[in-house]
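Chain residues, written in single-letter form:
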Amino acid sequence: MAAAPVWAPARAAASGVLRIGVKSLPASLNPLTVNDLVARQILGAMYESLTTVDPQGRILPGLAVAWEASADARRWRLTVRDNVTFHTGRRFTAHDVKRSFEAALVTEGSNFAVLALSKVRGFRELRARETRDLAGVTVLDDRNLEVVCDEPCAVFPFARFNIVDMQAVEQAGGDWYRTLSAGTGTYRLLRTNDGIAIDVEASPLWRGGPAPFERVSFLATGIGNDGITLFNDSQIDFTFVDTDALRGVMDDPGFKRSLSNVPRMQMRVVALDPRRVPAFADLRVRRAMSLLIDRQAMAERFFRGVAAVHNGVVPPALLANERLEPLAYDPTRARQLLEEAGFPEGRGIDPFTVNVIPEYRREFVYYVSQWNNAGIPAKLVMSPRQEFIARSRRRDYDAFLFGWTATYPDPMNFLDELFTSRSRFNPVGWSNPAFDALIEQAMAIPDPGRRAEVYKDAEAMVMNDLPVLPLVVPDYVALRGNVLSDNFITPFGGLNFG
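All of the points below concern the structure found in this document. Computed from a predicted model, the values in this text were never measured in an experiment.

## A word on the overall build of the chain
Secondary structure assignment for the chain yields 15 helices and 20 strands. For 498 residues, the compact-globule estimate of 2.2 N^0.38 gives 23 Å, and the C-alpha radius of gyration of the chain, at 23 Å, lies within 12% of that figure. In terms of its C-alpha atoms, the chain occupies a principal-axis envelope of roughly 70 × 55 × 40 Å. A buried classification covers 55% of the 498 residues belonging to the chain. Across the chain, contacts joining residues at least 24 apart in sequence account for 71% of those joining residues at least 6 apart.

If you want it as structure tokens, here you go:
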């Protein structure tokens, strides 16, 4: 049995309005199609999943109170909570879990739920609209269901699924999520003002007692220092600090009492596309580019010590992998590697662009200048956020910043969901049958300790073969008012509304 103790944070009586600044509001608040971090933060106040994660990154019960896997991790038995009510007033049962799975799979696009459900029996038939039933999910009674997968899936209950009252949704039709709140979370949707604000209010049906605030408003602040200015003017109570603004905030004694930070469960890399720049296919070129980055200096000076150097693509808090070579800074060795690869002083490498969004400009000026100093013909280009997201998902750049924040605390959230051949989020279209086989092997091991040993081999293979350059991972840094606790930010980029 893989259930954890129920975590019940201390609660204060609901009072006042919490104002949260975000750079921009998501284009859609549909919990069935969510695929960006800001939408996930907002929806996290309204919708619950089978399991949840506490501020320390531990998996805890959500709408499921117990989960048990078969020996080969192909079959899961789940028990859901009793006495849970949707915002719509209807009682939650195990039937709603299956209905939510099915609804997520018949929507268009690459949302988080599609990845998590891809191994469940009947997935392909449902995605192809050949059936309306997800055959691998059987509801046994109101509190129990069984999930059967075509392949082993040792982490199934930990993925993020927004459980929705589909009965109410089907009656509402169309853009239901603009006006209807159909979750079981602490807050329910109050109103939306497109592009300006989204307001949620404490749900009187929430099982956990009074919410900390009567209302939470998510306000669009714009990029750059706008959020900091609004915080300084007491117009918002919380805002994340952009990378480019970090040093100014950390160095300002006036912000000291308001600063809050937590390490990110995140991978952050420069993705390189060998189809567009053939030199990127050479491991020696990639290692040379990596050796030209002084990550420790970046962590200490640029990020003012609130950052971590990861030697791989999985956060060390999730996988301490002693098999990885430390990412050193060695310009002399970098030049030797370029010469060995047939590109002395960078000559012969096709000129290429490195695309990022404006908030990362100062950081990437350093990387590009280091490569230019060694003769590597890189040029930094800024792209508007929405254009950048769309083009990077199409792999329409020579090189670009790629980040991935975990939704649950297991290395599979990176290794499987980003790098297997079937991944919809693979940053450079990389495919390696030996790596796929390792992930399949790990998926069949329910025991986390044994699974970790396979993960280490898989991550080492990624670092040797995948055309990406790991970067420094800054903490989540935010300015918060006195009404918020230190653990309001989670390591997964979420906000702790509970």
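## Some thoughts on the side chain of E459
Summarising the element assignment, E459 is placed in helix α15 (residues 448-465). Apart from the residues within four sequence positions on either side, E459 is in contact with G312, V313, V314, L319, N321, L324 and L415.

## Things to note about unusual backbone geometry
If you check the backbone angles, R129 has positive phi at about 65° while not being a glycine. Counting through the fold element by element, R129 comes out in the loop between α4 (123-127) and β6 (137-141). On the basis of relative accessible area, R129 is assigned to the partly exposed category, the value being 43%. Its identity as a non-glycine residue notwithstanding, R395 has a phi of 55°, on the positive side. Examined against the element boundaries, R395 turns out to sit in the loop between α12 (385-393) and β17 (399-405). The exposure class assigned to R395 is partly exposed, which follows from its relative accessible area of 26%.

## Regarding the environment of R191
Structurally, the position occupied by R191 is in strand β8 (residues 187-193). In this structure, the C-alpha to C-alpha distance between R191 and E201, residues 10 residues apart in sequence, is 9.2 Å. When neighbours within four sequence positions are excluded, R191 is seen to be in contact with I198, D199 and R215.

## Quick look at the pairing of strand β10 (residues 215-220)
Sheet topology note: the strand β1 (residues 17-22)/β10 ladder contains six bridges and is parallel. Counterpart to V17 in the pairing with β10 is R215. In this sheet, β10 lies alongside strand β9 (residues 197-202) in antiparallel orientation, the contact comprising five bridges. Considered in β10, the bridge of A197 is made with L219.

## Quick look at the pattern of salt bridges
Applying the stated rule across the entire model yields 37 salt bridges. With its nearest N and O atoms 3.8 Å apart, the salt bridge here joins E359 to K23. Of this pair, E359 sits in the loop between β15 (352-356) and α11 (361-373) while K23 sits in the loop between β1 and α1 (37-43); the two residues are 336 residues apart in sequence, bridging distant segments of the chain. For K23, a relative accessible area of 27% puts it in the partly exposed group. D416 is the partner of R422 in a salt bridge, and the nearest nitrogen-oxygen pair spans 3.3 Å. The class for R422 is partly exposed, based on a relative accessible area of 42%. A relative accessible area of 6% places D416 in the buried class. Through salt bridges with shared partners, a single ionic network connects R276, E387, R391, R394, D396 and D398.

Calculation rules
Residues numbered from 1 in each chain as written. Predicted model: local features only at pLDDT ≥ 70, side-chain atom pairs only at ≥ 80, totals over all residues. Heavy atoms only, no water. Helix = DSSP H or I, 4+ residues; strand = E, 2+ residues; numbered from the N terminus. Rg over C-alpha atoms; globule rule 2.2 N^0.38 Å. Buried < 20%, exposed > 50% of the residue type's maximum accessible area, 1.4 Å probe, protein only. Contact = heavy atoms within 4.5 Å. Pairing = 2+ DSSP bridges. Salt bridge = Lys/Arg side-chain N within 4 Å of Asp/Glu carboxyl O.

All we've got here are geometric facts, nothing functional implied.
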